[in-house]
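Architecture and fold: a report
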Amino acid sequence: MKTPVNIAVTGAAGQISYSLLFRLAAGDFLGPDQPVNLSLLEIPPAMKTLSGIVMELSDCGFPLLRAVTTATEPETAFGDADYAFLIGAKPRKEGMLRSDLLLQNAEIFSSQGRALNAAAKREVKVLVTGNPANTNALIAIHNAPDLPASNFAAMTMLDHTRAVSQLAAKCAVSSAAITNVAVWGNHSCAQYPDLHHAKVNGAPALSLVDKAWYEEEFIPTVQYRGGEVIKARGSSSAGSAANAALQHMRALVLGTPAGDWASMALLSDGSYGVDADLVFSFPVQVTNGKIGVAQGLEINEFGHEFLLRNQRELREEREAIKHLL
Ligand code: NAD
Ligand code: LMR
């Protein structure tokens, strides 16, 4: 048996975590021979609920689950963390934009950035899910100056899996037949779900669907899906968000399949002309543990406009929280 890895999860009593924790403990992240220690962070009013979740984790008798600890201090929760899922943050309600959460949630990510900087392993992989995820990740990066910025990402894998699923349904194939979907920009309604490079069983996706469907149905469906789930469920996506968080972290550990990519929001390195100090979603390849933006993709005028719109939106978000950078 391998040495256990330390996985920190914030917002551990919330609804995303209620789906994620059981899958982490069951081995859905790192496989059936990797024991895990879970370190769960919550705010004091949620500790009672969290104690019930800890009982349930214990009651499952997961063979891979070695230890579960809880904390209200981020530095304690992140001690020696190999992986950190930063989920704890307010979710939006019907009628709100994710950016409406910016000022309410921003400070969580400055204090958690500092705590990761102080206490986590230097190679810790950090996934920011709490909204607005891109700018929260930017805040965490700026507050963790001793950790490589490439250790951090914001979650756009849910947008990616939504896009894959919509295309698979349209083409009446399994989602396994779909490759090279890309989500660019912000995890907001401005995002650009791009099918120009996508393939369905190896054939160009845009040769199989018509332009009107792509532009007038597919793109808005993916952009506004989060709000539609809120309208229907009365609360935001949770099971699908937990699944996307796992897929993101699995891609980091196992790599992306040859020739394909995942969508992840990373600190821009200037690729595709995106400002360097923004966390922006790109198609990302992970090979032998090395993470990089997929290069050389042609972006037409239609796509370029989307990239500019996302850049403008993210610049505005950065301006609103510049006191935390
Ligand atoms: P939730 O309200 O069910 O749970 C959030 C939990 O975070 C609560 O238990 C709360 O007590 C805890 N919390 C609040 N402040 C904290 C802090 N400082 N430290 C630790 N824990 C803290 O919300 P949820 O549905 O689990 O969603 C969590 C976040 O994820 C929201 O911001 C939501 O908008 C976002 N989200 C993002 C994506 C994405 O694709 N990026 C998808 C779904 C949801
Ligand atoms: C989502 O995309 O489902 C999440 O970001 C939650 C939300 O507010 O839409």
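What you see is a predicted model, and the numbers here were worked out from it, not measured in a lab.

Turning our eyes to something else, we now look at the overall build of the chain. Helix and strand counts for the chain come out as 9 helices and 14 strands. Relative to a compact globule of 325 residues, whose C-alpha radius of gyration would be 20 Å, the chain shows 19 Å and is just as compact. Put simply, 73% of the contacts in the chain that link residues at least 6 apart link residues at least 24 apart. About 13700 Å² of surface is accessible on the chain, with carbon and sulfur atoms providing 52% of the total. On the chain, the mean spot of the 26 positive side-chain charges and the mean spot of the 32 negative ones are 3 Å from each other.

In the vicinity of ligand 1, 25 residues are found, and the nearest of them are Gln15, Glu42, Lys90, Thr129 and Asn131. Contact between ligand 1 and glutamate 42: an oxygen atom at 2.5 Å from a side-chain N or O atom of the residue. Within the side chain of histidine 187, a nitrogen or oxygen atom sits 3.2 Å from an oxygen atom of ligand 1. Look at ligand 1: alone it shows 860 Å² of surface, and the protein chains cover 86% of it.

Right, let's talk about the site of ligand 2 for a bit. Around ligand 2 sit Arg92, Arg98, Asn131, Leu158, Arg162, His187, Gly226, Ile230, Ser236 and Ser237, and that is every residue in its neighbourhood. Within the side chain of arginine 162, an N or O atom sits 2.7 Å from an oxygen atom of ligand 2. When atoms are counted within 2 Å of each cavity's grid points, the one that captures over half of ligand 2 is the largest pocket. Taken together, the elements giving at least two residues each to the shell around ligand 2 come down to helix H6 (157-171) and helix H7 (211-233). Residue composition of the shell around ligand 2, by class: 2 nonpolar, 5 polar and 3 charged.

Another aspect to go through is the pattern of salt bridges. Enumeration according to the criterion identifies 9 salt bridges in this entry. A salt bridge links aspartate 28 to arginine 23, with the shortest nitrogen-to-oxygen separation between them at 2.9 Å. Looking at aspartate 28, the relative accessible area reads 33%, which means it is partly exposed. The shortest N-O distance in the salt bridge between aspartate 159 and arginine 162 comes to 3.8 Å. With aspartate 159 and arginine 162 both in helix H6 and 3 residues apart, the pair spans about one turn of that helix. Because the salt bridges share partners, they merge into one network encompassing Asp275, Arg315 and Arg318.

On to empty space enclosed by the protein, then. Scanning the entire structure with this criterion turns up 1 cavity of 30 Å³ or more. What the largest cavity holds in volume is close to 50 Å³. Listed by contribution, the elements that provide at least two residues to the lining of the largest cavity are strand S5 (125-128), strand S6 (152-154) and helix H8 (239-254). Sort the elements by how many residues they give to the lining of the largest cavity and H8 lands first, with 3 residues.

Another point: H6. Residues separated by three or four positions in an α-helix point in the same direction, a consequence of the helix having 3.6 residues per turn. With 15 residues, H6 ought to run about 21 Å at 1.5 Å a step, and its terminal C-alpha atoms sit 21 Å apart, in line with that. When H6 is considered as a whole, its buried residues turn out to be Met157, Leu158, Asp159, His160, Arg162, Ala163, Val164, Leu167, Ala168 and Cys171. The inward-facing, buried residues of H6 abut strand S7 (178-179), strand S8 (182-184), strand S10 (199-200), H7, H8 and strand S12 (262-267).

With that settled, the discussion passes to the environment of leucine 307. Of note, leucine 307 is situated in helix H9 (residues 301-320). As a C-alpha pair, leucine 307 and arginine 23 span 284 residues in sequence and 35 Å in three-dimensional space. Beyond its immediate sequence surroundings of up to four residues, leucine 307 is in contact with Trp184, Tyr192, Tyr272, Phe280 and Ile299.

As summarised here, the arrangement of the 3 strands in space is S7-S10-S11, forming an open sheet in which the pairing is antiparallel. In this open sheet, the two edge strands, each paired with only one partner strand, are S7 and strand S11 (203-204). Relative to S10, S7 runs antiparallel, the two being bridged by 2 bridges. Bridge pairing in S10 places isoleucine 178 opposite valine 200.

Now for the domain arrangement of the chain. How big an interface is tends to be expressed through the accessible area that disappears when the partners come together. Taken domain by domain, the chain comprises domain 1 (5-154) and domain 2 (157-320). For domain 1 versus domain 2, the distance between C-alpha centres works out to 23 Å. Of the residues lining the interface, 36 residues belong to domain 1; the matching set on domain 2 comes to 40 residues. When residues of domain 1 are sorted by the area they lose upon contact with domain 2, Gln15, Arg98 and Asn134 head the list and together hold 21% of the total. Counting the contacts that link domain 1 with domain 2 gives 0 salt bridges.

Looking now at the side chain of asparagine 151. By the element assignment, asparagine 151 lies in the loop between helix H5 (133-142) and S6. On the basis of relative accessibility, which here comes to 6%, the residue asparagine 151 falls in the buried class. In this structure the side chain of asparagine 151 is engaged in a polar contact, spanning 2.9 Å, whose partner is the backbone oxygen of arginine 122. Leaving out residues up to four positions away in the same chain, asparagine 151 has contacts with Arg122, Glu123, Val124, Lys125 and Val126.

Calculation criteria
- Residues numbered from 1 in each chain as written.
- Chains lettered and ligands numbered in written order.
- Predicted model: local features only at pLDDT ≥ 70, side-chain atom pairs only at ≥ 80, totals over all residues.
- Heavy atoms only, no water.
- Helix = DSSP H or I, 4+ residues; strand = E, 2+ residues; numbered from the N terminus.
- Rg over C-alpha atoms; globule rule 2.2 N^0.38 Å.
- Contact = heavy atoms within 4.5 Å.
- Areas by Shrake-Rupley, 256 points an atom, 1.4 Å probe, with all protein chains shown as cover.
- Lys, Arg positive; Asp, Glu negative; His and termini not counted.
- Charge placed at Lys NZ, Arg CZ, Asp CG, Glu CD.
- Near = heavy atom within 4 Å.
- Polar contact = N/O pair within 3.5 Å; in protein donor to acceptor, adjacent residues only side chain to side chain.
- 1 Å grid on protein atoms, 1.4 Å probe; cavity = no way out; pocket = protein on both sides within 12 Å on 5 of 7 lines; lining within 4 Å.
- Sits in = over half its atoms within 2 Å of the grid points.
- Nonpolar A, V, L, I, M, F, W, Y, C, P; charged D, E, K, R; others polar.
- Salt bridge = Lys/Arg side-chain N within 4 Å of Asp/Glu carboxyl O.
- Buried < 20%, exposed > 50% of the residue type's maximum accessible area, 1.4 Å probe, protein only.
- Points joined across faces, edges and corners; volume = space filled by probe spheres on them.
- Expected span 1.5 Å × (residues − 1).
- Pairing = 2+ DSSP bridges.
- Domains from an automatic or database assignment.
- Buried area = accessible area lost by both parts, 1.4 Å probe.

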